[in-house]
Amino acid sequence: MFKKSLIAGLSLVMAVTFSACSSGGKQNGQASGADSGGNGDKIVLRMSWWGSQTRHDLTMKALKLFEQKHPNITVKPEYSGWDGYFDKLSTQVAGANAPDVIQMDYAYLTDYAKRGALLDLDKYVQSKDLDIADHDKSMIKAGSVDGKLYAVTLGVNAPGVLYNSTVFQNLGIEEPKEDWTWKDFGDIAAKIAKAKGQGFYGSADISGTTNMFEILVRQNGHSLFNNGQFAATKDDLKQWFTMWDNLRKNGGATPAEVTAAATNAQETRPISVGTAAMDFAWSNQVIAFQKALKNQNDKIKVQVIPHSEGEKKIGEYLKPSMFVSGYAKTAHPKEVAELINFLVNDPDCAKILGTERGIPVNSKIREQLKQSAPEQEKMIYDFIETVSKHSSDIDPPYPQGFSELDKSFHTTSEQISFGQSSIDDAITQFMNNAKSILGKSQ
Amino acid sequence: MNAHYETAAIRPAVAVKKKARRYTQNGVALFFLAPWLIGLICLTLGPMIASLYFSFTDYSVLSAPNWVGLTNYKTMFTSDKLFLISLKVTFLYVLVSVPLKLIFALAVAVLLNKGMKGLGIYRTVYYIPSLLGGSVAIAMLWRKMFGGDGLLNQILHLVGINAPDWVANPKYALYSIVLLSVWQFGSSMIIFLAGLKQIPSEYYEASAVDGASRMRQFFSITIPMLSPVIFFNLVMQIITSFQSFTQAFVISNGTGGPVNSTLMYSLYLYKKGFAFFQMGYASAMAWVLVLLIALFTLLIFRSAKSWVHYEDGGK
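The structure presented is a predicted model; accordingly, all values stated were derived computationally and were not measured. (Residues numbered from 1 in each chain as written. Chains lettered and ligands numbered in written order. Predicted model: local features only at pLDDT ≥ 70, side-chain atom pairs only at ≥ 80, totals over all residues.)

1. Things to note about the nonpolar core
Of all hydrophobic cores here, the largest spans 179 residues; its most connected members are Leu 162 and Ile 340 of chain A. No other element matches helix α4 (residues 81–112) of chain B, which puts eight residues into this core. Contacts of Leu 162 of chain A, omitting those with residues within four sequence positions, involve Ile 271, Met 278, Asp 279, Ala 281, Val 286, Phe 289, Ile 300 and Val 302 of chain A. (Core = buried A, V, L, I, M, F, W, Y, C linked by C-beta atoms within 7 Å. Buried ≥ 20, exposed ≤ 12 C-beta atoms within 10 Å, placed from the backbone. Helix = DSSP H or I, 4+ residues; strand = E, 2+ residues; numbered from the N terminus. Contact = placed C-beta atoms within 7 Å.)

Here it is, written out as structure tokens:
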């Protein structure tokens, strides 16, 4: 008797545990399905994004509004900083339990779309669940891969130099103008360092940021990648790293240690903690930088990336700051489309989100928002307007293997700034790395 | 064994009964083992076999794996410079942190073994870092404490020393992680303490009568008597140190920087798999790590004969 009940008990334990083991494969369908079964007809969507605290607050507020307008849908937010966001997402996709709605980046869009991880949105454009009639054509194109729409632009932005205008005014230094050059930038940075004394630098050293280097490459008439291969020349690299090396020597840029101590999070940047007056960032980040500023009375302003003297073309460009995509295996594709539609087309939602993710892609919304925008947001509208007049087209998305190349570029800049390697040696090594990294992923 | 079978042949009826009882006993054992057994099969063995397969493929996580044979292993040892750097960083870390940690743990254990009052409290207090140390929060705290204007440098500044940023300088970053690991000496200490209590006090008394100094007693009695415990701690620490990940990940903000100075083997493995979409390569790295750890453990076991003393001769 004892034996029988024992075996029964054992097999029960086994059955329960094994079914728990095997549920991984169909978790995605099951998880959402179970939720909808549990609370009447309530549908649960998961949405993930990266960003600063400002973005988290605004997005949660917008999602609350969405839930009010769609009482049958609950949105579960999953947010984090930029660091690690795509590590996590790739794991979730591999485990087939990615969020239903995913904030996507230009650099990763092709990778994810081509590997079948993203929802084809064309069907929902046709069914009018998603309205893109008032969206900029160039941004629709940017969100399409192989002619299919996989991502809707959440905002338009452009790279720029953020500067603490209060520091400029206090030191009596003229604020940068739209036609400033790298030489002007260097002179200003050195001047600030000299005036402020030890421990304060002109600008954050961003020599390890690949997409800022790209702008110089574009000014030199090249592109960073061509046919999936690294296409910038040794001279481009040398010009870039030499310029930053000189800036580090005269205090124009932060020394290696200070640079290494900062991360991508706004709160850790030298301009925020009060050790530098300038930083390179994206126009939509102005507000987050302003909020992260140690001295809240200081004012952050933005200017275009400096020009090269005798540049072949303007390096500055307009970019979809980020996209929103659906997950290919979502159990509720129609609701996903509704949420995406809400995020980019709903006037009330636009009022909440403002320009934190960039200038809205919907031209009607843009007009409406600009009227009532506070001073700092107006500055961003003006900045984007300036850039849209004086810029060149964005280059195609980065090839597969970019993230590894990006790391290698960053290491190269550190090798130089920490004096572990001469500029020439570091460049030779980087070129070899680039060849093996990108060659492999072809 | 033979004897058992002989009796079984002579008295079959008893044997059958015994056999049945053995099955019941096995059943009970299996029942209680079930949670662990199922965990082992589903969560450890299954993924391990999968990763062995992936290690021979080109697997980007997002799309299906492609069989490539030994390519991953070849690349690792022939053309991947970062792989060699990560090996170097890890060896350096193990080489410095394990002995330091063991010496520190032993020193504290010897102090606590002096029969002081409130031993229980001290033992608990010293054990706490081991409980907290692996957490992300402590690593964040470390980053703050040893940062450019962190607590340590502010103290040093008071006495007029301008110290570098300990976590953002490639010369020191790894050692700040070593320090974090040494700080978690608690579990080794507890084991040492238990070992110390096992040493009969007669040895010390006898040697004291013979005029041995404290130092002499420590090296001629304590160390040899404690050698099986040292051996155990050494093996355990080496195995865990090779796999160290969290601290380096958090302190370097996931980059293994500055200039790859904290690019631990597991951190590089993680980056390859989850950030660079090369899960096949990462799986191959994981298996190389398994072999490496096995090799080192084997070497230590081999060396044990010459320095580990068992009172019963090791039988």
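2. Let's talk about the packing of helix α9 (residues 186–198) of chain B against helix α11 (residues 214–242) of chain B
Residues and elements named next belong to chain B. At their nearest, the axes of α9 and α11 sit 9 Å apart, and the two run at 165° to each other. Considered as vectors, α9 and α11 are oriented roughly antiparallel to each other. In this structure, the crossing between α9 and α11 has a hand that is right-handed. Each of Ser 188, Ile 191, Phe 192, Gly 195 and Leu 196 in α9 lies in contact with α11, whose residues at this interface are Leu 226, Val 229, Phe 232, Asn 233 and Gln 237. (Axes fitted to C-alpha atoms, helices over the stretch in contact; angles between N-to-C directions. Parallel < 35°, antiparallel > 145°, perpendicular 65-115°, else oblique. Left-handed = near helix turned anticlockwise from the far one by under 90°.)

3. Comments concerning helix α7 (residues 151–158) of chain B
Little of α7 of chain B sits inside the fold, with zero of its eight residues counted as buried. Once α7 of chain B finishes, Gly 160 of chain B follows within two positions and takes phi at roughly 85°, a positive value.

4. Some details on the domain arrangement of chain A
Accessible area lost during the coming together of the parts is what is often quoted as the interface size. All names here are of chain A. Looking at chain A, the domain boundaries give domain 1 (38–155 + 321–384) and domain 2 (159–316 + 400–440). Here the C-alpha centroids of domain 1 and domain 2 sit 29 Å apart. Counting residues at the interface gives 18 residues for domain 1 and 17 residues for domain 2. Of all the secondary-structure elements, those providing two or more residues to the side of domain 1 that touches domain 2 are α5 (106–114) and α18 (375–389). A per-element tally of the side of domain 1 that touches domain 2 places α18 first, with five residues. Here the side of domain 1 that touches domain 2 is built from residues that sort into six nonpolar, eight polar and four charged. (Domains from an automatic or database assignment. Nonpolar A, V, L, I, M, F, W, Y, C, P; charged D, E, K, R; others polar.)

5. Details of the domain arrangement of chain B
Split by domain assignment, chain B resolves into domain 1 (2–41) and domain 2 (71–307). A separation of 43 Å is found between the C-alpha centroids of domain 1 of chain B and domain 2 of chain B.

6. Quick look at the pairing of strand β2 (residues 73–80) of chain A
All names here are of chain A. Strand direction decides the pairing type here: strand β1 (residues 43–50) and β2, joined by eight bridges, are parallel. Its bridge partner lying in β2, Val 44 is registered against Thr 74. At this point the chain moves from β1, through helix α3 (residues 53–69), to the parallel β2, and the crossover so formed is right-handed. (Pairing = 2+ DSSP bridges. Right-handed = clockwise from strand over helix to strand, strands pointing away.)

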